[in-house]
Structures are given as structure tokens and as C-alpha cells.
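The lines below spell out each chain.
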Amino acid sequence: MGTHTHVQTADARILPRGTGYITDVGMTGAYDSCLGMEKESAVGRFTQTLPGRLVPAAGERQFNAVVLEIDGENRTREIERLFYIWPEEDKIE
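Conventions used here
Residues numbered from 1 in each chain as written. Predicted model: local features only at pLDDT ≥ 70, side-chain atom pairs only at ≥ 80, totals over all residues. Heavy atoms only, no water. Helix = DSSP H or I, 4+ residues; strand = E, 2+ residues; numbered from the N terminus. Buried < 20%, exposed > 50% of the residue type's maximum accessible area, 1.4 Å probe, protein only. Contact = heavy atoms within 4.5 Å. Polar contact = N/O pair within 3.5 Å; in protein donor to acceptor, adjacent residues only side chain to side chain. Pairing = 2+ DSSP bridges. Phe/Tyr/Trp six-rings, centres within 6.5 Å; stacked < 30°, edge-to-face > 60°.

**Things to note about the environment of Thr23**
So, step 1. Within the element layout of this structure, Thr23 appears in the loop between strand 2 (20-21) and strand 3 (29-30).
So, step 2. Under the relative-accessibility criterion, Thr23 is labelled partly exposed at 38%.
So, step 3. For the pair Thr23 and Met1, spaced 22 residues apart in sequence, the C-alpha separation works out to 6.3 Å.
So, step 4. When near neighbours in sequence (up to four residues on either side) are disregarded, Thr23 contacts Gly2, Thr3, Thr9 and Asp11.
So, step 5. A distance of 2.3 Å separates polar atoms of two side chains, one belonging to Thr23 and the other to Asp11.
So, step 6. Within the structure, Thr23 has its side chain in polar contact with the side chain of Tyr21 (distance 2.8 Å).

**Some details on the sheet that holds strand 5 (residues 76-86)**
So, step 1. Read from one edge of the open sheet, three strands run 3-4-5, paired in antiparallel fashion. Two strands lie at the open edges of the sheet, namely strand 3 and strand 5, each paired on one side alone.
So, step 2. Here 10 bridges tie strand 4 (residues 61-70) to strand 5, and the two strands are oriented antiparallel to one another. Bridge pairing links Leu68 to Ile79 in strand 5.

**Here we look at the packing of aromatic side chains**
So, step 1. Tallied over the full model, the rule gives three aromatic pairs.
So, step 2. Ring centres of Tyr31 and Phe83 lie 6.3 Å apart, and the angle between their planes is 50°; this geometry places the pair in the tilted category. With Tyr31 in the loop between strand 3 and helix 1 (39-47) and Phe83 in strand 5, the pair connects residues that are 52 residues apart, well separated along the chain.
So, step 3. Classification of Tyr31 as partly exposed rests on a relative accessible area of 41%.
So, step 4. On the basis of an interplanar angle of 75° and a centroid distance of 6.1 Å, the ring pair of Phe63 and Trp86 is categorised as edge-to-face. Residue Phe63 is found in strand 4, and its partner Trp86 is found in strand 5; the two are separated by 23 residues along the sequence.
So, step 5. Owing to a relative accessible area of 30%, Phe63 belongs among the partly exposed residues under this scheme.
So, step 6. An aromatic cluster is defined as three or more aromatic residues linked by ring pairs; in this entry it consists of Phe63, Tyr84 and Trp86.

And the structure:
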């Protein structure tokens, strides 16, 4: 289960000897953001010579995950990608 780009990939599969595989599980955080941070603050860090403070983004939240079914021999039998968006008004505190 990889995670680097923070964008869930659609390549979940079970390899021949029972290894569950997905290139990127995805991230949990603000949906309309740059890795969960306000886009403006993230872009500013790249375009300005001085380091800037990253500010967590508001708005809808995304949840990415993978559910695996593993047998008694530690082999993956099923792999399922999960992706859900919570509207801002359903904010979890």
C-alpha cells in the first residue's frame, strides 16, 4: 500500500501469490487543497524566496482508504478502495 502523491490510484489488485497492491491509497484531508493546505499558502512557498507558513484548508473533506480481506495464510483475498467526500456542513469536530 503506497502513498506519495496523495491521490488514490485505480490499480488495486491481488498479485499471484496473494499480495494486495495499490500504488497510492490516497489521503485524508481537505478535498479542494494542496495536500490538505490552502492552495495559496502552498504555492506561495514555491514562488517566493522566503519560507511561508502552510495553512490548513477549509471546506469539504476527503477520506481515502483500502480494505483488505486476508486469509489464515496471510494472503489477500479481496481488496476494496474507499473514497468519500464529507460536505463542509457535516464537519466532524
